[in-house]
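Structural description and commentary
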Amino acid sequence: MPDVELPAPIVQGVSFYSIVATTEDAFYDTVAFYGALGFRETSVFERGPNSQKTSEHSSASVKETWLHAFADAGNGEDVTLKIRLVPGSPVDAKAEAEGEWRAKKAAFVMYTGNLNSAIEYIESRKQSFQARPETGTPTEIYTYDPVGTLVGFTSKRNPFATAAPAPARTPVQAPIETPSIGQPAAPDGKRKRIGVMTSGGDAPGMNAAVRAVVRMTIARGCDAYAIYEGYEGLVQGGDLIKKMAWSDVRGWLSEGGTLIGTARCMAFKERKGRLTGAKHLIEAGIDALVVCGGDGSLTGADLFRSEWPSLVQELIDTKVMTEEQVAPYRHLNIVGLVGSIDNDMSSTDATIGAFSSLHRICEAVDSIGSTALSHSRAFIVEVMGRHCGWLAVMAAVSTGADFVFTPERPPEGEDWESDMCKVLQKHRDMGKRKTIIIVAEGAIDRELKPITPNYLKDICVNRLGLDTRVTTLGHTQRGGTPCAYDRMLATLQGVEAVEAVLDSTPETPSPVIAINENKITRKPLMEAVKLTHSVAEAIGQKDFRKAMELRDPEFADFYDTYVHTTIVNDEAKSTPKDKSLRIAIIHIGAPAGGMNAATRAAARFCLNQGHVPLAVHNGFPGLLRHDSVRELSWIDVDGWEIRGGSEIGTNRSTPDIDLGLAAWAFQKHRFDGLLIIGGFEAFTALGQLRRARASYPAFRIPMICLPATISNNVPGTEFSLGSDTCLNAVMEYCDVIKQSASATRRRVFVVEVQGGKSGYVATVAGLVIGAMAVYTPEEGINLKMLQEDVEHLKRSYAHDQGENRAGRLVLRNERASNTYTTEVLANIIREEANKKFEARSAVPGHVQQGGIPSPLDRVRAARLAVKSVQWLEQHAFKSLEERAASETAAVIGIRGAGIIFTPIDVLEETETDIAARRPRQAWWKPMHNILDLLSGRSVPEAATASERS
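What counts, and where the lines are drawn
Residues numbered from 1 in each chain as written. Predicted model: local features only at pLDDT ≥ 70, side-chain atom pairs only at ≥ 80, totals over all residues. Heavy atoms only, no water. Pairing = 2+ DSSP bridges. Helix = DSSP H or I, 4+ residues; strand = E, 2+ residues; numbered from the N terminus. Axes fitted to C-alpha atoms, helices over the stretch in contact; angles between N-to-C directions. Contact = heavy atoms within 4.5 Å. Buried < 20%, exposed > 50% of the residue type's maximum accessible area, 1.4 Å probe, protein only. Left-handed = near helix turned anticlockwise from the far one by under 90°. Nonpolar A, V, L, I, M, F, W, Y, C, P; charged D, E, K, R; others polar. Polar contact = N/O pair within 3.5 Å; in protein donor to acceptor, adjacent residues only side chain to side chain. Phe/Tyr/Trp six-rings, centres within 6.5 Å; stacked < 30°, edge-to-face > 60°. Arc of directions from axis to C-beta. Core = buried A, V, L, I, M, F, W, Y, C linked by side-chain atoms within 4.5 Å. Salt bridge = Lys/Arg side-chain N within 4 Å of Asp/Glu carboxyl O. pLDDT = per-residue confidence, 0-100.

A few words on the sheet that holds strand 5 (residues 108-111). Taken together, four strands build an open sheet; the order of strands is 5-8-7-6 and the sheet is mixed. A single partner strand is all that each edge strand has here, and the edge strands are strand 5 and strand 6 (130-132). Here the strands of the sheet are splayed against their neighbours by 25° on average, with no regard to which way each runs. Together, strand 7 (140-144) and strand 8 (150-154) form the strand contacts of helix 3 (residues 115-124), whose direction differs from that of strand 7 by roughly 30°.

The buried fraction of strand 4 (residues 79-85) amounts to seven of the seven residues, a majority that puts the element mostly inside the structure. Of the two faces of strand 4, the one lined by Val79, Leu81, Ile83 and Leu85 and the one lined by Thr80, Lys82 and Arg84 are each fully buried. Across five bridges, the pairing between strand 1 (residues 17-21) and strand 4 is parallel. Following the sheet pairing, Ile19 is matched in strand 4 by Ile83. Where strand 3 (residues 63-69) meets strand 4, seven bridges bridge the pair, whose relative direction is antiparallel. Across the sheet, the residue bridging to Ala69 is Val79, located in strand 4.

Bringing the packing of helix 11 (residues 416-429) against helix 12 (residues 453-464) into the picture now. Interhelical geometry of helix 11 versus helix 12 gives an angle of 65° and a closest axis separation of 11 Å. By crossing handedness, the relation of helix 11 to helix 12 is classed as right-handed. Residues Trp416, Glu417, Ser418, Met420, Cys421, Leu424 and Gln425 of helix 11 touch helix 12, and the partners they reach there are Tyr455, Leu456, Ile459, Cys460, Arg463 and Leu464. Here the residues of the contact of helix 11 with helix 12 are counted per class, giving nine nonpolar, two polar and two charged.

Before going further, it helps to spend a moment on the environment of Ser374. Here Ser374 is to be found in helix 9 (residues 354-375). When the C-alpha positions of Ser374 and Arg433 are compared, they lie 8.0 Å apart, and in sequence the two are 59 residues distant. A distance of 2.8 Å separates a polar atom in the side chain of Ser374 from the backbone oxygen of Ser370.

Turning our attention to the packing of aromatic side chains. Going through the model one piece at a time under the given rule, you end up with 18 aromatic pairs. Their ring planes at 40° and their centres at 5.4 Å tell us that Phe680 and Phe683 sit as a pair that is tilted. Taken together, the positions of Phe680 and Phe683, both in helix 20 (residues 680-691) and three residues apart, correspond to about one turn of that helix. Given the relative accessible area of 1%, Phe683 is considered buried. Centre to centre, the rings of Tyr797 and Phe837 are 4.6 Å apart; their planes meet at 25°, and the pair counts as stacked. In this pair, Tyr797 sits in helix 23 (residues 783-798) while Phe837 sits in the loop between helix 24 (822-833) and strand 28 (838-842), placing the two residues 40 residues apart along the sequence.

All right, on to helix 3 then. All of the buried residues along helix 3 are Leu115, Ala118, Ile119, Tyr121 and Ile122. Taken end-on, helix 3 shows its buried residues confined to a sector of 165°, consistent with a single buried face. Exposed positions of helix 3 whose direction lies more than 90 degrees from the buried face are Asn116, Glu120 and Ser124. If you follow the buried residues of helix 3, they end up packed against helix 1 (24-36), strand 7 and strand 8. Of the residues trailing helix 3, Lys126 is marked for its positive phi of about 55°.

Moving on: the nonpolar core. Grouped together as the largest cluster of nonpolar side chains are 162 residues, with contacts concentrated most on Phe405, Ile438 and Leu456. The dominant element in this core, judged by the number of residues it contributes, is helix 13 (residues 484-503), at twelve residues. If we skip the residues at most four places from it in the chain, Ile438 touches Val365, Val381, Val383, Ala392, Ala396, Ala401, Phe403, Val404 and Phe405.

With respect to burial, strand 27 (residues 808-813) is a largely interior element, six of its six residues being buried. The alternating pattern of strand 27 places Arg808, Val810 and Arg812 and Leu809, Leu811 and Asn813 on opposite faces, both of which are buried. The pairing of strand 25 (residues 747-753) with strand 27 spans six bridges and is classified as parallel. Bridge pairing in strand 27 links Val750 to Val810.

This part is about the side chain of Thr399. Considering the arrangement of structural elements, one finds Thr399 in helix 10 (residues 390-399). Of note is the side chain of Thr399, whose polar atom sits 2.7 Å from the backbone oxygen of Ala395. In contact with Thr399, not counting residues within four places along its chain, are Cys362, Val365, Asp366, Glu641 and Arg858.

Moving on to the sheet that holds strand 16 (residues 435-440). The strand order across the open sheet built from four strands is 15-16-14-17, with neighbouring strands paired in parallel fashion. If you trace the sheet from one side to the other, it starts and ends with strand 15 (403-405) and strand 17 (468-472), each paired once. With direction set aside, neighbouring strand axes in the sheet form an average angle of 15°. In this structure, strand 14 (residues 378-383) lies alongside strand 16, joined through six bridges in parallel fashion. Residue pairing for strand 16: Val383 is matched across the bridge by Ala440. The sheet strands contacting helix 10 are strand 14, strand 15 and strand 16, and the helix crosses strand 15 at an angle near 170°.

What follows is about the pattern of salt bridges. Under the definition given, this model contains 42 salt bridges. The partner of Arg863 in a salt bridge is Glu554, and the shortest N-O contact between them spans 3.0 Å. Highlighted residues: Arg863 in helix 25 (residues 855-876) and Glu554 in helix 16 (residues 553-566), separated in sequence by 309 residues. For Arg863, a relative accessible area of 7% puts it in the buried group. Beyond isolated ion pairs, a larger network of salt bridges with shared partners links Arg191, Arg193, Asp223 and Lys243.

What follows deals with the side chain of Ser796. With respect to the helices and strands, Ser796 occurs in helix 23. Given a relative accessible area of 10%, Ser796 falls into the buried group. Separated by 2.6 Å, the side chains of Ser796 and Arg808 make a polar contact. Setting aside its immediate chain neighbours within four residues, Ser796 contacts Arg250, Met772 and Arg808.

All right, on to unusual backbone geometry then. Even without glycine at this site, Lys319 takes up a positive phi of about 60°. Along the polypeptide, Lys319 turns up in the loop between helix 7 (295-317) and helix 8 (323-326). One non-glycine residue, Leu448, lies in the positive phi region at around 70°. Counting through the fold element by element, Leu448 comes out in the loop between strand 16 and helix 12. By relative accessible area, Leu448 is classed as partly exposed at 31%.

This brings us to the confidence of the model for the protein. When pLDDT is averaged across the protein, the result is 87; 88% of the residues are at 70 or more. Here residues 92-96 is modelled with pLDDT under 50, and outside its nearest four sequence neighbours on either side it reaches ten contacts, counting other chains as well. Contacts of residues 162-181 to residues separated by more than four positions or lying in other chains number 52 contacts, the stretch itself having pLDDT below 50.

This is how it looks when you write it as structure tokens:
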């Protein structure tokens, strides 16, 4: 038979499987079902005003989660699932209980190298399945997923898969994507050159952003350039435009301000200055610019880009440059990073430098509080914020200030001065010895008249007779080392900025890199600037409601939290007894920064609502053995917002030490609601109390767990109270250790950090201190890993050219390995270094629990505590039967920018790894890949060499 040329196959493989859930519960249950089987999130989409939909997202989907299972050897057996939420009537897609399911219904079957684990998981869900063969050792099993899809698992590989083995891959998870390594070329075939500059007012974290841009640019196979002195450097050119090497930005994470400088440049505001800047960029071969600054700097950058084609043409027409010289640089790509301590840019939840500035303010006000208390004085503290009151409001919440003034929300009423005096006098009458007023520099009344610190001082002196002082913090708010959050934010945004540059086309609008709902996003730059200017316009038009609406939704929420926990509601005393609740507050687990701030906020909100807050001292042992239940008053909790540890005492005991006695205590003290503040033990305690409801009706009250643990390992939330305080404590400790390592020229410190079996602290701390390597329980430690890391250290030291920042750090989570302890790691590195460098171990221990809570933990604590009590109120007046429902025992959590309440039984079943005491999925894991990239751990050696090409 003659050979016949067969047509090319139409289908070459499976793209993905699409699974539809018609309810939100089914959607999340399905995601959790496949997640427990080894699938990893690679993309998450949720329709909303800030959503960024792509062609991969179905038009009917309200939510989508893409999951991927990686084949163990690249055998063509990867599986991708698209889980879609399409609201509608639930469809019962399950087959009849009788007979063989696979014979009656289509199914997709997945390969597994561990069929027994799949069986154990399905059995743990108390879910039916069919095994084939029915006798002997099964090779296939079939079951239904939560939306009724028939799913099979087999231990037999696909006999027809012929894909060539692929290199090992690391799964990528939302919300932060890990960039790939490549070598993009410029239009003329040379390596692409990306410039970075800082402009406008300096902000802590700018250096971290520059470091990330430089190293990410080099890792992506491009050349990095720094434009010194902002736009002035563009206009002057010459030595102010410098090529950057990998080692040039070593040690920059901990530096405040901007090491590449910033300056006002009047020349750049004129076209002639921009023309000169264009000439200097073309001469340097740069056609992409990352600009870190405020709205004015970013507006200038976008103008520069819009004029670029005409500027280039003018350089040709005036014969300053030839057609051949400018041909490769006909287009300029601009990407913006927002560096502003005011946090005044719309379209992003936080700007680089804002939280560091808040740290400076809180440190100052905390210190002022001591002298104010000593002399029973009043202090008026002026903070920055010409058009934005974010710093003032957050500082007021963090420090427990008595009054706050902002541009967006002027005081109510024509005689606001008298209203303020009533509040201040009320606080004094209740026993306060100090008065703190926070005022933003742009504060105004409703007639746009400025409210100045000296005017407020005169009121306090003349009307209240208070010994009053004015303190203007000024530029101390800009100074100092960046806090952990700003280092993390600047690093992640810097990485994304380079990716945005490489993705840009001549038609792409200039993007600004933002953070929304804990995800790094790209937003149209000029749209964000326009919205920012709209706030000032609304204020100028006295439309203060619109001004508040244009701010981040969290801003109004934090302002309301401040009012709820500061201004005394006298009407609460008249609350009817049948509407007054007795709400118990208990701490369980290890101490964590923010526990006291949460207790203070919960107690004061309770009092303002007419409820009775009850502190259970020393956890459940205090309740059961010592009957340590005390009512809290307004003044009892004054000053708790700045105190670390636990003022009411905490321990790790859970109620199962004696559930019967616990029920009796609940009845004796007539608890109507329970707020549990703590870590995984608090989570466990809530689960125990819920399950005991059938036997003990006293537990049929609304109960909520507010996660507070430095390990950040409580399911149901992305952030636990205390985790930010811990990160800052570890960061400060490591900065000092790194200084010592640098002073001794060639020394590596292996630092052990806490976190239990969760690698959150180690990973994020490694990112913010610039660790060379990080070891976590999720990845473990093996000999091959150690060997590669020792070689990485050797190469790193070999490229040193006498820099004074030669210290290296390695972080190890306390539970990363039972064999490779911190001391063992240090010994191995020391031995393998062969005297080229030495290694020491360092264990900060309980220093990581922090002293004074960080401002971020304080404001989160206050906000979550108020929301918790509001949730208790919603459920407390239900019937006894309704209060026994599972939804009345929940965990409050932060997911994205929103606050959610998740029933404890749902979390236990779908999201919790009980044995490891952590969530099954961790949103922060992709940061480990970025950490490895920026440390050079996963970048080819040639790219990180310090010699200039």
